[in-house]
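Breakdown of the fold
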Amino acid sequence: MRRPNLKVLTHAMAHRLLYEGQRVVGVEFEKDGQLHEVRARNEVLLCGGSINTPQLLMLSGIGPREHLQDFGIPAKFHAEGVGKNLQDHLQLRMTYRVNRPVTFNDQFHSPWGKMKMVMEYAFLRTGTMAFPTAQTGLFTRSRPDIETPDVQYHFNNFTRDPETGWPHKFPAMTYSACHLRPDSRGEILLRSTNPMDHPRIIANYLSAPEDCRVAIEEVRLTRRLASTRPMADFIIGEMEPGPAVQSDDQCLDFARANGSTIYHPVGTCRMGVDPGSVVDLKLQVRGVTGLRVVDASVMPTLLSGNTNAATIAIAERAADLIHAQHAV
């Protein structure tokens, strides 16, 4: 059985798709300052993620016709859904000062602490350098009447000085909470016709009332967790947002000013059976042939958790579909 022919572009910037009629036959890309073309024997797999995949599609004439016309790009296929339906987990970080030197902050600023971390990892593959950034997690509900958890926590045994970017010089820790099922929807738009220009990312975080309610509850829930033993025995006081932030409006202002992505963008090339979906159930892009999208952009809705495993599952499913179609 012959394997499907695969050519993978690495360390290169794709500029646009190549067509023969309505069939995608390859990719124009830049590498080391030079433009090149690579052509596919069977089909092109687009795996740019929820930001770059819709950008490349739009640069190649697949996207909302009016938006493409604004940049003088001929519409190969009008696909209103390209770039729309952007969803992401917004993370709120609340920080607390700790009363004893047990955090990564202390290890980082201690010569002996740094040496100990390196030696433990080098010889035993254990210690701080062998741990993930968030060593503890929690799934919980923002209110009792919700059927399944809608908030995820990551607990980090360090804090970061926003001015220097380095860990603080005193012991402290971070509670990071994110809303798992946001109602807010954003979009990806072109900034220019230059593939090297980053697209416009309009996240629209906290644009939905329910998302605002959950953000306020996350602040209050985090304070309840921090005041519960045994954690309360370690905590001196709240650094961010600080005890002055109490009202709903103040909590929401903190969320708007300090919330950040937890790097789970999905949905900008939504899969579905309706004409408005960008790809069909075989991940094939509507309106053209020879092109599939294989990344998190095809997810219709955001997962209630991290997106890595689901993205791997999408790739595994795509591999099965490709093998069944092209293997001989």
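Above this text is the structure in question.
Read on for a plain summary of the structure. (Residues numbered from 1 in each chain as written. Predicted model: local features only at pLDDT ≥ 70, side-chain atom pairs only at ≥ 80, totals over all residues. Heavy atoms only, no water.)

Along the protein, the regular secondary structure elements total 7 helices and 15 strands. For the C-alpha atoms alone, the extent of the protein along its principal axes is close to 70 × 50 × 35 Å. The buried share of the protein, reckoned over its 328 residues, is 44%. Partitioning the contacts of the protein with sequence separation of at least 6, the portion at a separation of at least 24 is 62%. Just so you have it, the protein exposes about 17600 Å², and 55% of that area is on carbon and sulfur atoms. Computed over 36 positive and 35 negative side-chain charges, the inter-centroid distance for the protein is 6 Å. (Helix = DSSP H or I, 4+ residues; strand = E, 2+ residues; numbered from the N terminus. Buried < 20%, exposed > 50% of the residue type's maximum accessible area, 1.4 Å probe, protein only. Contact = heavy atoms within 4.5 Å. Areas by Shrake-Rupley, 256 points an atom, 1.4 Å probe, with all protein chains shown as cover. Lys, Arg positive; Asp, Glu negative; His and termini not counted. Charge placed at Lys NZ, Arg CZ, Asp CG, Glu CD.)

Here we take up the side chain of E43. With respect to the element layout, E43 can be found in the loop between β3 (34–39) and β4 (44–46). Note on E43: relative accessible area 13%, which makes it buried. Within the structure, the side chain of E43 is placed 2.5 Å from the side chain of H326, a separation counted as a polar contact. In contact with E43, other than residues within four places in its own chain, are G290, R292, I322 and H326. (Polar contact = N/O pair within 3.5 Å; in protein donor to acceptor, adjacent residues only side chain to side chain.)

Along the chain, C178 turns up in strand β10 (residues 172–179). C178 sits 91 residues away from C269 along the chain, and the two C-alpha atoms are 23 Å apart. If near-sequence neighbours (up to four positions away) are discounted, C178 is found in contact with H89, L90, Q91, D150, V151, Q152, E218 and I262.

With 18 residues, helix α5 (residues 209–226) ought to run about 26 Å at 1.5 Å a step, and its terminal C-alpha atoms sit 26 Å apart, in line with that. Among all positions of α5, only D211, C212, V214, A215, I216, E218, V219, L221, T222, R223 and A226 are buried. Tucked into the core, α5 has its buried residues touching β7 (90–98), β8 (136–140), β9 (151–156), β10, β13 (235–240) and α6 (248–258). (Expected span 1.5 Å × (residues − 1).)

A contiguous nonpolar surface patch, about 640 Å² in accessible area, is contributed by W112, M115, M119, F123 and L124. As for its placement among the helices and strands, M115 is situated in helix α4 (residues 111–124). Accessibility expressed as a relative area gives 49% for M115, which makes it partly exposed. (Patch = residues over 30% accessible without salt bridge, like charges linked within 9 Å, V, L, I, M, F, W, Y side chains within 5 Å. Salt bridge = Lys/Arg side-chain N within 4 Å of Asp/Glu carboxyl O.)

This part takes up the sheet that holds strand β2 (residues 23–31). As summarised here, the arrangement of the 3 strands in space is β1-β2-β3, forming an open sheet in which the pairing is antiparallel. Each of the sheet's edge strands pairs with one partner strand only, and the pair in question is β1 (13–20) and β3. The mean inter-strand angle of the sheet, taken between neighbouring strand axes irrespective of direction, is 30°. Where β1 lies against β2, 7 bridges are found, and the strand directions are antiparallel. Looking across to β2, one finds that Y19 is bridged to V24. (Pairing = 2+ DSSP bridges. Axes fitted to C-alpha atoms, helices over the stretch in contact; angles between N-to-C directions.)

A few words now on the pattern of salt bridges. What the rule picks out here adds up to 13 salt bridges. K84 is the salt-bridge partner of E187, the closest N and O atoms lying 3.6 Å from each other. Pair noted here: E187 is in strand β11 (residues 187–189) and K84 is in the loop between β6 (77–78) and β7, with a separation of 103 residues, a long-range link. Residue classification places K84 among the partly exposed residues on the basis of a relative accessible area of 26%. Where R213 meets E210, a salt bridge forms, and the shortest distance between an N and an O atom there is 2.8 Å.

Judged by nonpolar contacts, the single largest core of 33 residues is most densely connected at L17, L57, I62, V82, V285 and L291. Looking at this core, the elements with two or more residues in it are β2, β4, α1 (49–59), β15 (291–293) and α7 (308–326). The element that contributes the greatest number of residues to this core is α1, accounting for 4 residues. Excluding residues that lie within four positions of it along the chain, L17 makes contacts with V24, G26, V27, V44, L56, L57, S60, I62 and L291. (Core = buried A, V, L, I, M, F, W, Y, C linked by side-chain atoms within 4.5 Å.)

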